[in-house]
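The lines below spell out each chain.
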Amino acid sequence: MSIETPLLELLQFPFMQRALIGGLLTGALGGVLGSFAVLRQLSFFSDALGHSALLGITLGILLGLNPTLVLIPFAVVFALGVNHLVQRSQLPADALLNIIYSSSLALAVVALSFVRSYRGSIHQLLFGDILGVSWLDLGLIAFLLVVAVGYLALTRRDQILLTLDEPLALSRGVAVPVHRLLFIVLLAVVVAISIKAVGVLLISAFVVIPACASRLVSRHFNTYVVLASVLGGVCAVLGLLVSGGFDLPSGPCVVIVQLVGFLAALALVPLCTVLGRVPGVRRSATR
Amino acid sequence: MVKMVLDVSGLTVRRDAVIAVDNVSFSLESETDTALVGPNGAGKSTLVQALLGILPPSAGSIRVLGHAMGPQGQLPRSVREQVAYVPQSFAVRNRCPLTVGDFVGLGWDPPGLRLPWTGGERRRSAVAHALRQTHATNLADRLISDLSGGQTKRVLLAFCLVRPRRLLVLDEAQAGLDSQSAEQFYDLLFELRRSEGWTILQISHDLDMVRRTSDRVLCLNRSLRCSGPPDHALSAAQLEEVYGRGFVPYHHRHAP
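Residues numbered from 1 in each chain as written. Chains lettered and ligands numbered in written order. Predicted model: local features only at pLDDT ≥ 70, side-chain atom pairs only at ≥ 80, totals over all residues. Heavy atoms only, no water.

Our focus in this paragraph is the overall build of chain B. A count of helical and extended segments in chain B gives nine helices and ten strands. What you see for chain B is a C-alpha radius of gyration of 18 Å, in line with the 18 Å of a compact globule of 256 residues. With respect to the principal axes defined by its C-alpha atoms, chain B has extents near 55 × 50 × 35 Å. Counting the 256 residues in chain B, one finds 55% classified as buried. Intrachain contacts of chain B at a sequence separation of at least 6 include 66% that bridge at least 24 residues. Roughly 11200 Å² of accessible area belongs to chain B as shown, and the carbon and sulfur atoms make up 49% of that amount. Distance between charge centres in chain B, computed from 29 positive and 25 negative side chains, equals 5 Å. (Helix = DSSP H or I, 4+ residues; strand = E, 2+ residues; numbered from the N terminus. Rg over C-alpha atoms; globule rule 2.2 N^0.38 Å. Buried < 20%, exposed > 50% of the residue type's maximum accessible area, 1.4 Å probe, protein only. Contact = heavy atoms within 4.5 Å. Areas by Shrake-Rupley, 256 points an atom, 1.4 Å probe, with all protein chains shown as cover. Lys, Arg positive; Asp, Glu negative; His and termini not counted. Charge placed at Lys NZ, Arg CZ, Asp CG, Glu CD.)

Here it is in structure tokens:
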């Protein structure tokens, strides 16, 4: 029997349809935010946010509340606190983030051992359960995607200047502290919402890998952001199809497809470099 | 046209609770070129950052084109647009996938909320004009991360030039440039100063260049130690006062 038969049957199920839409939206969202986060050297920050989210989920379970609803304010407060600490501390940011995320992970695992009535498993929390996303989850992710794209598109000039050089941005009247905080809050909310589908351990891959792949082959900022979000969405859908077709874990399959995309971009770099040097293939100076 | 472009009175700026700039007062008249000199750690970059609204002053006042700057560096948008800045270094996060043409276009875009596809033809022609004037048209499709130090400075001038400005602030524009590139950069800067009517305030360690090109010199070592035309402000006695006893100015040797 070919692989297509069970896959086509699987696509008839509403949970699989929701998973594909969820993957597409989460992947695109991760790509859009990741394209800025990577250039602002926030990759490790998103990783720390993801790991600490487990503590937020555990708090929700211990308090008997919906973990997702607890996780959003937890992630925002946590992100703002960590950002404040990183700005003020004399320690290197990566060392500080390492302390924070490994401590939160340890605290969360110890706290989880006191939980008796949780229906899910630690495996689900760590690697996500995209097949379990509800229409409400999808609505939230779609709303966040619209907010993120709207905010970044309308403030495009300010965001790029801030990404390039903060003093230059400040001198051009960009509200640097406001935009920096808004972006971190947005990233925290996206991480919190996406955890259910993607899992604590793999969330940073959604933010980092498509953006890095896109960076390797892009010469223009708009192309870079759009390509990162397209890659994020497409890799998520392909990963889910592979997962369904071969009965493999969904989150890791998506990350492996992202890795394949990254390696393909890496292989394309010499070609892009050559094309970039051929007159007539490049865009005109001022277009 | 406002004759006084910048007016600074009793300006004090702290950095981490330490007074970096103490009670500095001066003014810049339209279309003049003023150099800010002083030893490392004298507070030159701090002073410039306060003038640009990047660092809030602890005391004193700053007026740009007749408008008082707010306590957090606020200026009316129309005034802010008249001031341009060329930073000392511009390579920290320029792994950004951005071509020179796209970057210069960011200098044209007004601040605040804006649909990304607006601007169109006016933006394109302003970018092309700025690149032509800075002899950088051939760089338009290059990534900004691929530029040499001298090319980066020219592109930063194009970024400033893409809209009409009145005041140009440069923080050690010659940093990272060999003597020939520095010479070419200054030739371009002064050609543009004449054609655009810019008022220039620049931090410099190259006292030879300051002597040859500036109308006026401000000597800073936390407070303003002297000011005046180069012949007066850069005399041996004044330099000892600013840089300390035994100071020997370095002289560039340019190729004939």
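Let us look at the interface of chain B and chain A. In this assembly, 41 residues from chain B lie in contact with 34 residues from chain A. Buried area between chain B and chain A, summed over both chains or domains, comes out near 3400 Å², and the portion from carbon and sulfur atoms is 58%. Scanning the region where chain B abuts chain A turns up one salt bridge. In this structure, the salt-bridge partner of A:Arg172 is B:Glu81, at a minimum N-O distance of 3.4 Å. At the level of elements, strand S6 (83-86), helix H3 (100-108) and helix H4 (120-133) of chain B are the ones that each hand at least two residues to the side of chain B that touches chain A. (Buried area = accessible area lost by both parts, 1.4 Å probe. Salt bridge = Lys/Arg side-chain N within 4 Å of Asp/Glu carboxyl O.)

All names here are of chain A. Within the fold, Asp-47 resides in helix H3 (residues 43-63). Residue Asp-47 is classed as buried on the basis of its relative accessible area of 14%. At 3.0 Å, the side chain of Asp-47 and the side chain of Ser-204 are in polar contact. (Polar contact = N/O pair within 3.5 Å; in protein donor to acceptor, adjacent residues only side chain to side chain.)

Moving on: the pairing of strand S2 (residues 18-29) of chain B. All names here are of chain B. Sheet topology note: the strand S1 (residues 4-15)/S2 ladder contains eight bridges and is antiparallel. Along S2, the bridge assignment pairs Arg-15 with Val-18. Remark: two residues form the turn of the hairpin made by S1 and S2, two consecutive strands paired antiparallel; Asp-16 in that turn has positive phi of roughly 50 degrees. (Pairing = 2+ DSSP bridges.)

A cluster of nonpolar side chains, A:Leu154, B:Leu113, B:Leu115 and B:Trp117, forms an exposed patch at the surface whose accessible area comes to about 470 Å². Take A:Leu154: it is sitting in helix H7 (residues 135-154). (Patch = residues over 30% accessible without salt bridge, like charges linked within 9 Å, V, L, I, M, F, W, Y side chains within 5 Å.)

With that settled, the discussion passes to the packing of helix H2 (residues 14-39) of chain A against helix H10 (residues 176-198) of chain A. Residue and element names in this part refer to chain A. Remark: H2 packs on H10, axes separated minimally by 11 Å, with the N-to-C direction vectors making an angle of 145 degrees. The two elements H2 and H10 meet at a crossing, and its hand is left-handed. Counted together, Thr-26, Leu-29, Leu-33, Phe-36 and Ala-37 of H2 and Phe-183, Leu-186, Leu-187, Val-190, Ser-194 and Val-198 of H10 form the full contact between these two elements. (Axes fitted to C-alpha atoms, helices over the stretch in contact; angles between N-to-C directions. Left-handed = near helix turned anticlockwise from the far one by under 90°.)

Residues and elements named next belong to chain B. Counting buried residues in strand S3 (residues 33-37) gives five out of five residues, a clear majority hidden from the surface. Residues of S3 alternate between two faces, with Asp-33, Ala-35 and Val-37 on one and Thr-34 and Leu-36 on the opposite face, all of them buried. Of the strand pairs in this sheet, S3 and strand S8 (residues 199-203) are connected by four bridges, and their pairing is parallel. Note that in S8 the partner of Leu-36 across the bridge is Ile-203. One ladder, built from four bridges, connects S3 with strand S9 (residues 216-221); its direction is parallel. Bridged to Ala-35 within S9 is Val-217.

Attention shifts here to the domain arrangement of chain B. Residue and element names in this part refer to chain B. Split into domains, chain B comes out as domain 1 (1-82 + 166-251) and domain 2 (96-163). Centre-to-centre separation of domain 1 and domain 2, based on C-alpha positions: 25 Å. Between domain 1 and domain 2, the residue contacts involve 15 residues of the former and 13 residues of the latter. Between domain 1 and domain 2, the buried area comes to about 1200 Å², and carbon and sulfur atoms account for 70% of it. There are one salt bridge connecting domain 1 and domain 2. Linking Arg-163 and Glu-81 is a salt bridge whose minimum nitrogen-to-oxygen distance equals 3.9 Å. Per-element accounting of the side of domain 1 that touches domain 2 gives the leading share, seven residues, to helix H6 (residues 179-196). In terms of residue class, the side of domain 1 that touches domain 2 is built from nine nonpolar, one polar and five charged. (Domains from an automatic or database assignment. Nonpolar A, V, L, I, M, F, W, Y, C, P; charged D, E, K, R; others polar.)

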